[in-house]
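Residue strings, one per chain:
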2 protein chains.
Amino acid sequence: MKQSLAFIRTNHEMPSIKPLDPNERLIRAGYIHSQNDKFISLLPLGKRVLQKIEKIIREEMNVLTANEVSLPTLNSLQSLDSNERQAYSAELFQLNNRNKDELYLTPSHLEILSLIVKEKITSYKQLPFVLYQIQTKYRDELNINGMFKNREFLTLDVYSFHHTTENLEEFYEKIDQVYSAIFRRLGLPYKKVLADLGSYCGELSHEYVVLSENGEVTIAQSNQSDFAVNFDVAKVTLQTTIPHCEMKELIKEKISDTGVSADDFQTHIDIPADRIIKTNVYQLNGELIVVLYRGDHILNEVKLKNVLNVQSLKLADEKLVSELFGCTTKYVGPIKLPVHVKVIADFGIKSICNGISFGNEEGSYYVNVNPERDFAINEYADLRYIQEGEPSPDGNGIIQFAKGHEVAHIFKLGAAYSEQWNASFLDEQGVSKPILMGTYGFGVSRLFAVAAEMYQDEKGFIWPNSLAPFDVHLITECVDHEEGWLLSEQLYNILLTYQFEVLFDDRQLSIDVKYKDANLIGLPVQVIVGKKASEGIVTVVDRRTGQSYECAKEELIDRLNEFFRVY
Amino acid sequence: MKQSLAFIRTNHEMPSIKPLDPNERLIRAGYIHSQNDKFISLLPLGKRVLQKIEKIIREEMNVLTANEVSLPTLNSLQSLDSNERQAYSAELFQLNNRNKDELYLTPSHLEILSLIVKEKITSYKQLPFVLYQIQTKYRDELNINGMFKNREFLTLDVYSFHHTTENLEEFYEKIDQVYSAIFRRLGLPYKKVLADLGSYCGELSHEYVVLSENGEVTIAQSNQSDFAVNFDVAKVTLQTTIPHCEMKELIKEKISDTGVSADDFQTHIDIPADRIIKTNVYQLNGELIVVLYRGDHILNEVKLKNVLNVQSLKLADEKLVSELFGCTTKYVGPIKLPVHVKVIADFGIKSICNGISFGNEEGSYYVNVNPERDFAINEYADLRYIQEGEPSPDGNGIIQFAKGHEVAHIFKLGAAYSEQWNASFLDEQGVSKPILMGTYGFGVSRLFAVAAEMYQDEKGFIWPNSLAPFDVHLITECVDHEEGWLLSEQLYNILLTYQFEVLFDDRQLSIDVKYKDANLIGLPVQVIVGKKASEGIVTVVDRRTGQSYECAKEELIDRLNEFFRVY
């Protein structure tokens, strides 16, 4: 495409703050437009990158013999039951039509598709099959971050339907191979990690995390095996050491005597953090639940949710706490709680000898607190985040942390939904069985953002050929030089003939601006028609290394073929 | 693709009513799924047809050097001004996010794109350029009709930006060539017709109507020239004959004396329809407007809106009419109206001699009514629909009607919007000028429905190769016959190697069911591996004609190449 006819508007000035923010880079290099940091448009360059990703995805979906479909985005709220509505909760965009029918913008098509499959599938002969779509989804996200996370985003969603467990499991392996192939083809370092099922019911789930220091996800991985798990759900397998304890007399004291404020008390008091008992109070169906964990640990609410078997947690009302415990939440401790209040403690609490806790009375605390002697615990559970250096849950080596961006999430659902929805088939013996299912999400626009973060240097983007909006940037210095101009046009046509995707900078602008634009846009290779045009010689520049060499026009195609063969 | 792995579920039973309804056919042949006749899913076959259309569109857009973009569907209501909101009126889907920001689902991207262009374009050097997208749009339609018209639909929208009128006009011709090429490549008979600008401001607009007896649009076209216009806006150029009139005395009568009811009065009274004066009363900014037209004519509200320069018409409140005229709307006539009420009459009223009208009094009417003598007219205008047999507005021949489906609508907007939005550029002399614009819509999912209507017979679809989801339907009768099965698999692989898109019916089903499915699905050619498989002979069937011939397996590729060369 001739750049004079392309809608590519760049801004070379790099802001001094956050120089590497990929959203900002994409805007300045003319890939996307952002209105109020909220509404993202893909401009021609950005659209081409996304189409490259889509093409790779479709090729890999063909490997799975997956069928592409396109399900409606606007659906009737009636097709969601109350559980499903609750699972999406505040992220669901709801609206009405003029007849006041309740509609919603679909954040996932599992429910809609199940209705169709339930209607169409009756026999094992019609199974298995795999459907997918590459489609815009909508979620009312709170924390918007450009192409990384937005209310409108492009995803690949794959749905598989099976007649046997083996067949589902085989497919769960196959989708891993295909997703891995996508990351490999894009050159992105990734890790498949065990993950939480989140709001889904089912058997197993994994996330695909592209490793990056700026990532929002923490991975806990073994230093001696392939084991990797989302930090949020990494099990703590470290056995709690129960020390020999010479229990001292329990004493109640006043914080005002210690010289620190109540807010700073637990962090400033002169006692090791692993002897501090921290207390959170949650409210569940009107009941209060007291959760205990050690001062050197971080409470993991994902684990707590799973232990309590709830979708969301609610901290206790201050009013209710005050009525039942006679103090504000801040001063709640485990001693002398009302009898009907359930106490759940992290395993780490077992190790506490002569610890410290708040006193269930405004401004008071206890010293020499000993669990079991001084208070009862209804249930011990694994409620905290794992720490670096602790044993890996798989038994091999110790845990190390890494950061990354979650790009894909796959779920082995099994029969969880089909039983709920009565989606069944008759097997070879004529016995009715639930259709086994899996669902596999992949963030397409998110992948674009992640790749944009990875593939850049101080001058702009350095796209791999698999993602670059064009293969070759043909840049002419000879807009006003007849011989050079003719050569430029000739090369443009030859490159097109040889099926290269070419961006031809034919604009009447200073060569400095053109170079800056070319480096900012970041196509793999630049071909410059300049001073030696009349000798039929051009300059070829490798954007990655900046290395350049001169090349006779007759050799250009061979040199480029060679370039892309090893690129 | 192997049919056993494809999600294609057909229903051979054809309903006795509306046997040719394309939505029903698409559902029964497994192309689409419809939930409550409202929410349409594209199943694998339907998705493939739509992708064929998209591919053709993208190829034609490349001819225009148009840049593909992808603008957000969810936008802030703040980006629409009150005029724009009014123009979309009840068709606009509005919603809120959890922060109560007002959002809408974009029915057109003209406003959003103009914001971007205004920000990015400053100089004539950056013009012209063309942007397009193939995207799902949302409109709160009242009359839903499957793939033809729905609340969620796929469109191509093209936007062009120019620095001179000549350049805009040249492009308006080019887009016509490209749209025409799309219809030609799909084999659809179409007509480009002059159309109303609708809610748009601008200079000129044309619709592309695919001719069909079942179409919702009426075209008025000349029998002697290329002239064609949407019936809604066809100008009446017939000169009204003003007869020599021996005016008789105006007499007021009672309907109760005529023996017909008031509702039937104007149709049953014994007087030629061209002597009846019909009266409508509209309300505009609190004022009442009386509109007169002849009994043999149909009032055209599109023309009336244009004459009154309003976006929508409102019939007068019964209460207001009764207060001002002293009777119900039914009995309003042109005689003895309150002086401040404006009267607009269609030109046809001029010809009335001793006509008849209602009496502005409950149950009364006048005979021997003569315009100008008996009542004043503020303005004459062309307010009625043209009739077949009347002169063509271009001066050549007479008007004939045809029916069709509107599939595309193009608008030469000129400076109308850029002046409103201050989107300007500096020309070569440094003078600020408004950017000239055009917008060009094309209904992609609608085109699918229109093609589905056209390409079928009593057995199912007969797709042209440009639209068929696959090229070849390979059908094996030999699922349990080893030699035949091997031949089937071998041919499947050979066909794929030769780049044919093949649907391979490998299912364990009766051959009758397979034939019925194949005819219903309607791929251009069927290759049947049957009784002569062991001799290496297959049967090739042309779906269009039903003609079949035997063919040795070695000759198959040549025969198919020949088939598609002339298909």
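Residues numbered from 1 in each chain as written. Chains lettered and ligands numbered in written order. Predicted model: local features only at pLDDT ≥ 70, side-chain atom pairs only at ≥ 80, totals over all residues. Heavy atoms only, no water.

Asks: Could you clarify how one ought to interpret the overall build of chain A in this entry?
Replies: A count of helical and extended segments in chain A gives 13 helices and 30 strands. Dimensions of chain A along its principal axes, counting C-alpha atoms only, are 95 × 70 × 55 Å. By residue count, 56% of the 567 residues in chain A fall in the buried class. Relative to all contacts within chain A whose residues are 6 or more apart in sequence, the contacts with residues 24 or more apart total 69%. Of the roughly 24,800 Å² that chain A leaves accessible, carbon and sulfur atoms contribute 47%. Charged side chains of chain A number 58 positive and 80 negative; the gap between the two group centres comes to 2 Å. (Helix = DSSP H or I, 4+ residues; strand = E, 2+ residues; numbered from the N terminus. Buried < 20%, exposed > 50% of the residue type's maximum accessible area, 1.4 Å probe, protein only. Contact = heavy atoms within 4.5 Å. Areas by Shrake-Rupley, 256 points an atom, 1.4 Å probe, with all protein chains shown as cover. Lys, Arg positive; Asp, Glu negative; His and termini not counted. Charge placed at Lys NZ, Arg CZ, Asp CG, Glu CD.)

Asks: I'm lost on the environment of A:Glu119 in this one. Help?
Replies: Within the fold, A:Glu119 resides in helix H4 (residues 110-120). Judged by relative accessible area, which is 51%, A:Glu119 ranks as exposed. There is a polar contact of 2.9 Å between the side chain of A:Glu119 and the side chain of B:His33. (Polar contact = N/O pair within 3.5 Å; in protein donor to acceptor, adjacent residues only side chain to side chain.)

Asks: Help me understand the relation of the copies chain A and chain B, please; the structure alone is not making it clear to me.
Replies: Relating one copy of the chain to the other takes a rotation about an axis and a shift parallel to that axis. Turning chain A through 180 degrees and shifting it by 0.1 Å along the axis lays it on chain B, with an RMSD of 0.1 Å. Within this description, the copies of the chain are treated as partners about a two-fold rotation axis. Distance from the rotation axis, computed per C-alpha, reaches its smallest value in chain A at A:Leu95: 2.7 Å. A share of 100% of interface residues in chain A that are also interface residues in chain B marks the association as one of identical surfaces. (Least-squares fit on C-alpha atoms with pLDDT ≥ 70 in both.)

Asks: Looking at this model, I keep getting lost on the packing of helix H11 (residues 482-497) of chain A against helix H13 (residues 556-566) of chain A. Mind explaining?
Replies: The relative placement of two packed helices is expressed as an angle between their axes plus a distance between the axes. Residue and element names in this part refer to chain A. Closest axis-to-axis distance for the H11/H13 pair is 11 Å, and the angle between their directions is 50 degrees. Accordingly, the angle class assigned to the pair H11 and H13 is oblique. H11 and H13 meet at a crossing whose hand is right-handed. The residues of H13 that touch H11, namely those facing Leu491, Ile494 and Leu495, are Leu556, Ile557 and Leu560. The residue makeup of the contact of H11 with H13, split by class, is 6 nonpolar, no polar and no charged. (Axes fitted to C-alpha atoms, helices over the stretch in contact; angles between N-to-C directions. Parallel < 35°, antiparallel > 145°, perpendicular 65-115°, else oblique. Left-handed = near helix turned anticlockwise from the far one by under 90°. Nonpolar A, V, L, I, M, F, W, Y, C, P; charged D, E, K, R; others polar.)

Asks: Explain the sheet that holds strand S5 (residues 93-96) of chain A to me, please; I cannot follow it from the model alone.
Replies: The strands making up a sheet associate through backbone hydrogen bonding, with each pair oriented either parallel or antiparallel. All names here are of chain A. Taken in spatial order, the 3 strands make up an open sheet running S4-S6-S5, and their pairing is antiparallel. Looking at strand neighbours, the two that pair on one side only are strand S4 (74-76) and S5, the edges of this open sheet. Across this sheet, the average inter-strand angle for adjacent strands is 40 degrees, counted without regard to direction. Bridging between S4 and strand S6 (residues 102-105) involves 3 bridges; their strand directions are antiparallel. (Pairing = 2+ DSSP bridges.)

Asks: Please explain the side chain of B:Thr106 as it appears in this structure.
Replies: Residues and elements named next belong to chain B. Take threonine 106: it is sitting in the loop between strand S6 (102-105) and helix H4 (110-120). Among the residues examined, threonine 106 registers a relative accessible area of 0% and is labelled buried. Polar side-chain contacts of threonine 106 include one of 2.6 Å to the backbone oxygen of threonine 73. There is a polar contact of 2.7 Å between the side chain of threonine 106 and the side chain of asparagine 75. When sequence neighbours within four positions are dropped, the list of residues in contact with threonine 106 reads Pro72, Thr73, Leu74, Asn75, Lys137 and Tyr138.

Asks: What's the story with the packing of aromatic side chains in this structure? I'm lost.
Replies: Both the distance between ring centres and the angle between the ring planes are used here to describe each pair of aromatic rings. Residues and elements named next belong to chain A. Taken as a whole and assessed by the stated rule, the structure comprises 46 aromatic pairs over all chains. Judged by centre distance (5.7 Å) and plane angle (50 degrees), the ring pair of tyrosine 31 and tryptophan 463 falls under tilted. With tyrosine 31 in the loop between helix H1 (22-28) and strand S1 (32-35) and tryptophan 463 in the loop between strand S25 (460-461) and strand S26 (472-476), this residue pair connects regions lying 432 residues apart in the sequence. Across this residue pair, the class does not change: tyrosine 31 and tryptophan 463 are buried. Summarising the aromatic geometry, the rings of tyrosine 179 and tyrosine 208 are spaced 5.6 Å apart at their centres and angled 70 degrees between planes, so their arrangement reads as edge-to-face. Here the residue tyrosine 179 occupies a position in helix H5 (residues 165-185), and tyrosine 208 occupies one in strand S10 (residues 204-211), the gap between them amounting to 29 residues. Here a set of aromatic residues connected by ring pairs shows up, and it is made of Tyr179, Phe183, Tyr190, Tyr208 and Phe442. Directly above the aromatic system of tyrosine 172 lies the positively charged group of lysine 412, at a separation of 5.3 Å from the ring centroid. (Phe/Tyr/Trp six-rings, centres within 6.5 Å; stacked < 30°, edge-to-face > 60°. Lys NZ or Arg CZ within 6 Å of the ring centre and 35° of its normal.)

Asks: I would appreciate a short explanation of the state of the cysteines in the present structure.
Replies: Cysteine pairs can be linked by a disulfide, which is a covalent bond between their two sulfur atoms. Residue and element names in this part refer to chain A. Per the stated rule, a full pass over the model turns up 2 disulfides over all chains. The disulfide partner of cysteine 245 is cysteine 353, and the gap between their sulfur atoms is 2.0 Å. Sign of the S-S torsion, about 80 degrees for the bond between cysteine 245 and cysteine 353, identifies this disulfide as right-handed. Placement of cysteine 245 in the loop between strand S12 (228-230) and strand S13 (251-254) and of cysteine 353 in the loop between strand S16 (342-346) and strand S17 (355-358) is noted, with a sequence separation of 108 residues between them. Take cysteine 353: its relative accessible area is 16%, and that puts it in the buried class. Free cysteine: cysteine 551, not disulfide-bonded; nearest cysteine sulfur from cysteine 478 at 15 Å. You can call cysteine 551 buried: its relative accessible area is 2%. (Disulfide = S-S within 2.5 Å.)

Asks: Sorry if this is basic, but what is going on with the sheet that holds strand S18 (residues 364-369) of chain A here?
Replies: Residue and element names in this part refer to chain A. One open sheet accounts for 3 strands, arranged S13-S18-S17; its pairing is antiparallel. What marks the edges here is a single partner per strand, and that holds for S13 and S17. Strand-to-strand, the axes of this sheet are offset by a mean angle of 30 degrees, without reference to chain direction. As judged from the 4 bridges shared by S17 and S18, these two strands associate in the antiparallel manner. What sits directly across from glycine 355, in S18, is valine 369.

Asks: What am I meant to see in helix H5 (residues 165-185) of chain B here?
Replies: In an α-helix, one full turn covers 3.6 residues, which means residues spaced three or four apart are oriented alike. Residues and elements named next belong to chain B. With 21 residues, H5 should reach 30 Å at 1.5 Å per residue; the first-to-last C-alpha distance of 30 Å fits that figure. When we look at burial in H5, the residues that qualify are Asn167, Leu168, Phe171, Tyr172, Ile175, Asp176, Val178, Tyr179, Ser180, Ala181, Ile182 and Phe183. Where H5 ends, the next residue or the one after it, glycine 187, has phi of about 70 degrees, a positive value. (Expected span 1.5 Å × (residues − 1).)

Asks: When you look at the pairing of S5(A) in this model, what are you seeing that I'm missing?
Replies: Successive residues of a regular strand alternate their side chains across the two faces of the sheet. Residues and elements named next belong to chain A. Burial along S5 is one-sided: the residues Phe93 and Leu95 are buried and none of Gln94 and Asn96 is. As paired strands, S5 and S6 are joined by 4 bridges and run antiparallel to one another. Note on S6: the bridge partner recorded for leucine 95 is leucine 103. In this antiparallel pair of consecutive strands, S5 and S6, the connection spans 5 residues, and lysine 100 shows a positive phi of 70 degrees.

Asks: Explanation requested: the pattern of salt bridges in the structure shown.
Replies: A side chain with one charge can pair with a side chain of the opposite charge if their charged atoms come near. Taken as a whole, this structure holds 61 salt bridges over all chains when the rule is applied. Note that B:Glu68 is salt-bridged to B:Arg58, the shortest N-O span being 2.8 Å. In this pair, B:Glu68 is assigned in strand S3 (residues 67-68) and B:Arg58 in helix H2 (residues 44-63), connecting sequence segments 10 residues apart. Classification of B:Arg58 as partly exposed rests on a relative accessible area of 25%. Salt bridges linked by common partners bring A:Lys47, B:Glu54, B:Arg58 and B:Glu68 together as one network. (Salt bridge = Lys/Arg side-chain N within 4 Å of Asp/Glu carboxyl O.)

Asks: Please explain the interface of chain A and chain B as it appears in this structure.
Replies: How large an interface is tends to be reported as the accessible area lost when its parts come together. If you look at the interface, chain A gives 60 residues, while chain B gives 60 residues. For the pair chain A and chain B, the summed buried area comes to about 5,500 Å², and 58% of that belongs to carbon and sulfur atoms. The largest per-residue losses of area from chain A upon contact with chain B belong to A:Phe7, A:Arg9 and A:Arg98, which jointly make up 13% of the total buried on that side. Linking chain A with chain B are 1 salt bridge, by the criterion used here. Applying the counting rule to chain A against chain B returns 16 residue pairs in polar contact (both at pLDDT 80 or more). For the side of chain A that touches chain B, the element with the most residues is H4(A), which contributes 6 residues. By residue class, the composition of the side of chain A that touches chain B is 29 nonpolar, 18 polar and 13 charged. (Buried area = accessible area lost by both parts, 1.4 Å probe.)

Asks: What is the right way to read the domain arrangement of chain A from this model?
Replies: Residue and element names in this part refer to chain A. Partitioning chain A into domains gives domain 1 (50-71 + 106-235 + 400-452), domain 2 (251-381) and domain 3 (460-566). A separation of 39 Å is found between the C-alpha centroids of domain 1 and domain 2. Listed by partner, the interface residues are 8 residues for domain 1 and 5 residues for domain 2. Summing both sides of the interface, domain 1 and domain 2 together bury roughly 410 Å²; the carbon and sulfur share of this comes to 39%. For domain 1, the biggest contributors to the area lost against domain 2 are Asp196, Ser199 and Asp232; these three give 67% of the whole. Taken together, the connections running from domain 1 to domain 2 amount to 0 salt bridges. Seen at the junction of domain 1 and domain 2, the total is 3 residue pairs in polar contact (both at pLDDT 80 or more). Split by residue class, the side of domain 1 that touches domain 2 holds 3 nonpolar, 2 polar and 3 charged. (Domains from an automatic or database assignment.)

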